[in-house]
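# Inside the fold
Residues per chain are reported as follows:
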Amino acid sequence: MIETAPQTRSDWVYERLKHAIVSGELPPGGRLVAAELAQRWALSPTPLREAFQRLEGLGLVELSSRRGARVAAASVAEAEEIYELRLILEPWALRRSLEQSDDAHRAEVAAAHKRLVELLTPVPSSDERLLLEAHRAFHIALLARCPSLWLTRLTSLLADHSQRYLLLNAHYSQRVSESMAEHEQLLEATLNGDIERAARVLITHMHGSLGTVRAVLEARKETDKTLGT
């Protein structure tokens, strides 16, 4: 992505912290201590505190006078709400993107799909974050021609939150074969200009992802009950 202007220090810290949360580097519910992160990243605590406040507005950070700053917790209810909204907005964004698709866009989608397949073949990459980043890049490419700025902003925010949930799934590889088939179908529909088929496949794909996330979170909840935590 081409940057139109250099980042300020505050913007760099904001993006670094956001990436650490979305990528799972900083896990859900974990404490955010400005002094500790400042030491780790060799910077002043002040822009970190500013970033905490900015990311609270995106729902990625929770601020409390009693508990301080924490990475937003994860729950089945939130995951279901996120995917419910994605199921409304993302097929719409995909349709609008594919209506504007051209040879250059289709080449971008094909390249993103190739990168994802390379990480999945012959076996899934051992670096789950790398795999999920490639997965996200493919979906970004699919929606890249959507002309609505607000629709792009909203789908991107929801995708960030979804990424956090997918990273919680230690058994993501169990759904790899289904996911690979769905990605292949999305690619074919995009290359063939079959907009409605692409939207149907995307809906199926998101339902499958939600089912996986829900199962993992519910299993963790049962484990916590058993352990008394």
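Summarised in this report is the structure supplied together with it. Here the structure is a predicted model, which is why all the values come from computation and not from measurement.

## Considering the overall build of the protein chain
Helix and strand counts for the protein chain come out as nine helices and three strands. Going from N to C terminus, the protein chain has its helices and strands arranged as α-β-α-α-β-β-α-α-α-α-α-α. Considering the protein chain as a whole, with its 229 residues, one finds that 43% of them fall into the buried category. Counting only contacts in the protein chain whose residues sit at least 6 apart along the sequence, the fraction spanning at least 24 positions is 74%. Carbon and sulfur atoms make up 53% of the accessible area of the protein chain, which totals about 12,400 Å².

## What about the pattern of salt bridges?
Pairs can form between side chains of opposite charge whenever their charged atoms are close. The final tally for this structure, using the stated rule, is twelve salt bridges. For Glu25, the salt bridge identified is with Arg40, shortest N-O distance 3.7 Å. Taken together, the positions of Glu25 in the loop between helix 1 (9-22) and strand 1 (31-32) and Arg40 in helix 2 (residues 34-41) put the pair 15 residues apart, joining distant regions of the chain. Residues Arg106 and Asp103 are paired through a salt bridge, measuring 2.8 Å at the closest nitrogen-oxygen approach. Residue Arg106 and its partner Asp103 are both found in helix 5 (residues 103-120); the two are separated by three residues, about one turn of the helix. Classification of Asp103 by relative accessible area gives exposed; the value is 60%. One network of salt bridges, in which partners are shared, links Arg16, Glu25 and Arg40.

## Structural notes on unusual backbone geometry
Only a minority of non-glycine residues have a phi that is not negative, and only a minority of peptide bonds are not trans. Phi is positive for Ala42, which is not a glycine, with a value near 55 degrees. One can find Ala42 in the loop between helix 2 and helix 3 (45-56). On the basis of relative accessibility, which here comes to 63%, the residue Ala42 falls in the exposed class.

## So, the nonpolar core
In this structure, Leu94, Phe138, Leu186 and Val213 are the most contacted members of the largest nonpolar core, which totals 38 residues. At the level of elements, helix 4 (76-99), helix 5, helix 6 (128-143), helix 7 (149-167), helix 8 (176-192) and helix 9 (195-227) are the ones that each hand at least two residues to this core. Residue contributions to this core peak at nine residues, all from helix 4. With residues up to four places along the chain from it excluded, the contact list for Val213 reads Ala79, Tyr83, Tyr165 and Leu166. Of all hydrophobic cores here, the second largest spans 21 residues; its members include Val22, Phe52, Leu60 and Ala69.

## Notes on the sheet that holds strand 2 (residues 61-64)
Spatial ordering of the open sheet is given by 1-3-2, a layout of three strands whose pairing is antiparallel. Looking at the sheet topology across the chains shown, the edges are occupied by strand 1 and strand 2. Bridge count for strand 2 against strand 3 (residues 68-71) is four bridges, and the pairing is antiparallel. If you follow Leu63 over to strand 3, its bridge partner there is Ala69.

## Regarding the environment of Pro28
Relative to the helices and strands, Pro28 is located in the loop between helix 1 and strand 1. Counting along the chain gives 43 residues from Pro28 to Val71, while the straight-line C-alpha distance between them is 5.2 Å.

## Some words on the packing of aromatic side chains
One pass over the full model with this rule turns up zero aromatic pairs. In this structure, Arg54 is placed above the aromatic ring of Tyr14, and the distance from its NZ or CZ to the ring centre is 3.9 Å. Over the aromatic face of Trp150 sits the side chain of Arg153, whose NZ or CZ is 4.7 Å from the ring centroid.

## A closer look at the side chain of Glu90
Mapped onto the fold, Glu90 is located in helix 4. Accessibility expressed as a relative area gives 3% for Glu90, which makes it buried.

What counts and what doesn't
Residues numbered from 1 in each chain as written. Predicted model: local features only at pLDDT ≥ 70, side-chain atom pairs only at ≥ 80, totals over all residues. Heavy atoms only, no water. Helix = DSSP H or I, 4+ residues; strand = E, 2+ residues; numbered from the N terminus. Buried < 20%, exposed > 50% of the residue type's maximum accessible area, 1.4 Å probe, protein only. Contact = heavy atoms within 4.5 Å. Areas by Shrake-Rupley, 256 points an atom, 1.4 Å probe, with all protein chains shown as cover. Salt bridge = Lys/Arg side-chain N within 4 Å of Asp/Glu carboxyl O. Core = buried A, V, L, I, M, F, W, Y, C linked by side-chain atoms within 4.5 Å. Pairing = 2+ DSSP bridges. Phe/Tyr/Trp six-rings, centres within 6.5 Å; stacked < 30°, edge-to-face > 60°. Lys NZ or Arg CZ within 6 Å of the ring centre and 35° of its normal.

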